[in-house]
Structures are given as structure tokens and as C-alpha cells.
Amino acid sequence: MQPIHILAIESSCDETSASILADGKVLSNIICTQAIHEKYGGVIPESASRLHIRNILPVVEEAFAKSGISKHDLHAVAYTKSPGLIGSLLVGSCFAKSYAMALGLPTIAVNHMEAHVLSNLIESPHPAFPFLCLTVSGGHTQIVVCKSPLDQQIIGSTIDDAAGEAFDKAAKMLGLPYPGGPLVDRYAKEGNPLAFKFAQPNMPEFNFSFSGVKTSILYFIQARVKENEHFIAENLHDLCASIQFTIVKILMKKLLAAARVTGIREVCIAGGVSANSGLRQALLEHGKKYHWNTYIPKFEYCTDNAAMIGITAYHKFLKGEFATLDETASARN
Ligand code: KG4
Ligand code: ZN
């Protein structure tokens with residue numbers, strides 16, 4: 001029997017991505033990151049949508065070229081429906097719907113956060129159900145119990161900033177360009193994580209808060225720079241290591257609590273911040289200490305990518321969960 005071929009489109013923020021999968025196996029995953037936002041220190045929504053329009057066709061064509069299949073082999077076209085920047089989502093969803101309509105194919109609408117969780121199913125070995133997932137991205141921080149691919153329950157989330165946002169905002173205070181998370185990670189490698197201490201707010205249950213951490217970093221830096229204007233440059237590695245240590249500690253504390261309470265020992269991370277080497281290391285260490293089986297997506301499946309939309313769409317295809325053409329993109333869940 002011919003495998004089920006799905007074209008998946010991701011365009012929720014500043015990455016235009018297209019992926020082609022055969023029976024849930026990734027044949028290609030093309031990601032085009034919009035570098036323009038770097039000079040503004042954050043994503044400009046209007047520029048992002050315009051660049052998606054410019055990039056989407058070449059990205060899809062490259063995905064086909066790399067996959068070795070033609071558009072006539074497709075069985076469905078999937079897209080990110082929510083959450084994200086509305087203009088960006090509309091480009092991907094309108095493209096996917098038009099493409100599917102022209103080929104007489106069904107569409108599949110995918111939730112971006114659920115897709116981050118399922119990025120852990122792309123490669124083997126993957127977690128057995130039920131598993132716990134700490135999803136940490138630029139816009140969200142969640143602890144999810146995943147009972148089956150399409151049965152995900154959020155048991156904890158942030159009440160203010162997301163973990164990725166905390167990394168990016170702290171990086172900005174240090175004068176690093178956007179997105180600063182990966183740079184904090186890089187400089188942290190040569191720093192002392194215990195050099196400086198920042199606030200670690202304690203939220204009830206499995207919820208997170210990062211705005212207090214951010215304020216504590218800001219006030220600390222302002223006070224030190226007042227005494228010595230070269231303080232940041234002279235302590236960049238230690239600052240990055242201490243910031244990363246604090247954010248990772250907050251995340252792992254809640255993940256550990258969730259594992260204890262639920263009794264689940266299949267534990268994953270997902271989302272852009274799961275690319276962070278400190279978090280990856282902490283997950284492995286906790287796995288050893290608490291006898292968890294731990295899973296971390298391959299780097300290209302951590303940050304935004306269409307392969308995760310494709311694997312989610314494949315499970316929806318198997319269950320016959322297709323979208324109607326009047327299904328509209330939405331900025332919120
Ligand atoms: O999942 P993602 O690509 O996009 C959203 O859905 O938001 O996550 C992007 C976030 C950004 O905040 C970025 O700084 C952060 O992930 N990030 C990292 C690292 N790589 C990406 N944060 C810390 N360390 C990294 N290595
Ligand atoms: Zn994301």
C-alpha cells in the first residue's frame with residue numbers, strides 16, 4: 001500500500017517551514033528563519049507576514065525537491081492553525097487551503113503547542129504513553145500529560161512571561177541581539193552558574209512565573225553597572241551561566257513535582273528552549289537520579305519547524321480529523 005504523504009506548513013512566528021512526511025516519517029523539513037527581526041530586537045509582526053508570503057513557495061518547492069515525491073503523491077495538506085501571530089498564521093493557512101483545494105485534497109489544522117509536544121514522536125526511541133512534556137518556547141511554558149497523540153492535558157503553565165521570553169529579555173539587558181536565548185546558552189558554557197543569585201519565585205502547583213526573575217536580573221545589573229560601567233562585559237559569561245542556571249532550576253523543580261505527583265516516568269522536553277544545553281543536561285541528570293526515561297527532540301525539531309506539524313497531522317489523518325475550509329487561524333489557543 002502507498003504510504004500516506006502529508007505536506008505540512010508552519011508559519012506561526014518568524015520561521016517559514018515546510019515538511020513532507022510519509023507515514024509519519026520525515027522526508028524533508030525546510031526551515032527559513034527571518035533574520036530581519038534581529039535588528040529590531042524582536043519580531044515585527046507585519047514584516048513577519050510579508051516575509052512568509054515571499055518565502056512560502058520557495059520553501060515548499062525545496063521541501064518537495066528534497067523529499068523525492070511530487071505534489072500528486074500527497075494525501076493531505078496540514079498547517080498551523082493557532083496560537084501565534086495572526087498575520088503569519090493567515091499566510092500559512094491560506095496557502096495550505098489553496099494548495100489543497102487546487103489538488104482536491106483535505107486539510108488538517110494543527111495546534112502549534114500540541115505539535116511541539118509530538119516533536120518527541122518524530123524519532124525513535126520515542127516516549128511511551130502516558131508521558132510528561134515540559135514545553136518551553138518563546139511564547140509558552142507548559143507541563144503537559146500526553147495520554148495519546150491527540151489527548152494532551154495541560155497541568156501547568158506560566159502566569160506571565162514564557163521561559164524563552166525570560167532568556168531573550170535577560171539577554172537584551174546584557175546588550176545581546178535578538179533572539180538572545182541561544183547566545184546566553186553559548187556564553188554560559190564558560191561561566192560560573194553560581195556566581196550570581198537571582199530570585200526564584202515559587203508558584204502554586206505546576207505553574208510558573210518568570211517576571212520576578214526578570215525584574216531581579218534587571219535591578220541587579222542596574223546596581224552593578226552604576227558602580228562599574230564595564231560590569232557586564234567583565235562578567236558576561238558568569239552572568240549568562242547564572243541566568244541560565246536560575247531559569248533551568250525553576251523549570252526542573254516543577255517538572256520534578258509533576259513527575260512525582262503523576263507517577264509518570266517517561267519525561268520529555270520540547271520547544272525552542274529545549275535546545276538549551278543547560279536544560280538538556282538537567283533533564284538527563286534528573287532522569288538518572290529519579291529513574292526516568294528521558295527524551296529530547298533533535299535540534300531541528302526543537303525550534304519551530306513543520307515536521308512537528310506533520311507528525312501531529314499524521315495522527316489526525318489516521319483518526320479522520322480533517323478541517324473544513326472555513327476553519328480560521330487564531331492568535332490564541
Ligand atoms: O519554539 P520556538 O522556536 O518559537 C516559539 O514557538 O516561540 O522558541 C523560540 C524561543 C526563543 O525565545 C529563543 O530564544 C529560545 O526559544 N531558544 C533558546 C535556545 N534556542 C532557542 N533559549 C535558550 N537556549 C537556547 N539554546
Ligand atoms: Zn514554537
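Residues numbered from 1 in each chain as written. Chains lettered and ligands numbered in written order. Predicted model: local features only at pLDDT ≥ 70, side-chain atom pairs only at ≥ 80, totals over all residues. Heavy atoms only, no water.

Caption draft 1: The domain arrangement of the protein chain, seen in detail. According to the domain assignment, the protein chain consists of domain 1 (5-117 + 302-318) and domain 2 (125-296). Once you take the C-alpha centre of each, domain 1 and domain 2 turn out to be 27 Å apart. Tallying the contact residues gives 16 residues for domain 1 and 20 residues for domain 2. Between domain 1 and domain 2 the total buried area reaches about 1,400 Å² when both faces are included, carbon and sulfur atoms providing 71% of it. The tally of links from domain 1 across to domain 2 stands at two residue pairs in polar contact (both at pLDDT 80 or more). Within the residue set of the side of domain 1 that touches domain 2, elements represented by two or more residues are α3 (112-118) and α10 (306-318). In terms of residue count, α3 provides more of the side of domain 1 that touches domain 2 than any other element does, four residues in total. Taken together, the residues that form the side of domain 1 that touches domain 2 break down as five nonpolar, seven polar and four charged. (Domains from an automatic or database assignment. Contact = heavy atoms within 4.5 Å. Buried area = accessible area lost by both parts, 1.4 Å probe. Polar contact = N/O pair within 3.5 Å; in protein donor to acceptor, adjacent residues only side chain to side chain. Helix = DSSP H or I, 4+ residues; strand = E, 2+ residues; numbered from the N terminus. Nonpolar A, V, L, I, M, F, W, Y, C, P; charged D, E, K, R; others polar.)

Caption draft 2: Local environment of helix α8 (residues 277-290). Here α8 is 14 residues long and its end C-alpha atoms lie 20 Å apart, about the 20 Å a rise of 1.5 Å per residue gives. Taken together, the buried positions of α8 are occupied by G278, L279, A282, L283, H286 and G287. Considering only its buried residues, α8 is in contact with β6 (131-136), α5 (181-188), α7 (231-262), β9 (266-270) and β10 (293-295). One or two steps after α8, the chain reaches H291, where phi turns positive at roughly 60°. (Expected span 1.5 Å × (residues − 1). Buried < 20%, exposed > 50% of the residue type's maximum accessible area, 1.4 Å probe, protein only.)

Caption draft 3: Region of the structure containing the coordination of the zinc ion (ligand 2). Coordination of the zinc ion (ligand 2) by the protein involves H112 (NE2), H116 (NE2) and D304 (OD), with metal-donor separations of 2.0 to 2.1 Å. Spacing between the donor residues of the zinc ion (ligand 2) along their common chain follows H-x3-H-x187-D. In this pair, H112 sits in helix α3 while D304 sits in the loop between α9 (299-302) and α10, placing the two residues 192 residues apart along the sequence. (Donors = N, O, S within 2.8 Å, 3.2 Å for Na, K, Ca; no water.)

Caption draft 4: Representation of the packing of aromatic side chains within the structure. Following the criterion strictly, the structure yields 10 aromatic pairs and no others. Considering the side-chain rings of F196 and F220, the 5.2 Å spacing of their centres and the 55° angle between planes classify their relative orientation as tilted. With F196 in the loop between α5 and α6 (211-227) and F220 in helix α6, the pair connects residues that are 24 residues apart, well separated along the chain. Across the pair, F220 and F196 agree in class, each one buried. (Phe/Tyr/Trp six-rings, centres within 6.5 Å; stacked < 30°, edge-to-face > 60°.)

Caption draft 5: Just the packing of helix α1 (residues 45-67) against helix α2 (residues 86-103), in detail. It is at 9 Å that the axes of α1 and α2 come closest, and there the two elements cross at 40°. It follows from the interaxial angle that α1 and α2 lie oblique. Of the two possible hands of crossing, α1 and α2 adopt the one that is right-handed. Contacts from A48, S49, H52, I53, I56, L57, V60 and F64 in α1 reach G87, S88, V91, G92, F95 and Y99 in α2. Across the contact of α1 with α2, the residue classes break down as nine nonpolar, five polar and no charged. (Axes fitted to C-alpha atoms, helices over the stretch in contact; angles between N-to-C directions. Parallel < 35°, antiparallel > 145°, perpendicular 65-115°, else oblique. Left-handed = near helix turned anticlockwise from the far one by under 90°.)

Caption draft 6: Up close: the site of ligand 1. Not every one of the 19 residues close to ligand 1 is listed here, only the nearest: G138, D168, D185, G272 and N276. Within the side chain of H112, an N or O atom sits 3.2 Å from an oxygen atom of ligand 1. D168 is positioned with one of its side-chain polar atoms (N or O) 2.6 Å from an oxygen atom of ligand 1. If ligand 1 stood free it would expose 550 Å²; the protein chains cover 89% of that surface. (Near = heavy atom within 4 Å. Areas by Shrake-Rupley, 256 points an atom, 1.4 Å probe, with all protein chains shown as cover.)

Caption draft 7: Structural detail: the pattern of salt bridges. This structure, assessed with the given rule, holds nine salt bridges. Measuring nitrogen to oxygen at the nearest pair gives 3.2 Å for the salt bridge that ties E327 to K81. In this pair, E327 is assigned in the segment after α10 and K81 in strand β4 (residues 76-82), connecting sequence segments 246 residues apart. Close ionic contact of D185 with K189 constitutes a salt bridge, the shortest N to O distance being 3.8 Å. Assessed through its relative accessible area of 8%, D185 is described here as buried. (Salt bridge = Lys/Arg side-chain N within 4 Å of Asp/Glu carboxyl O.)

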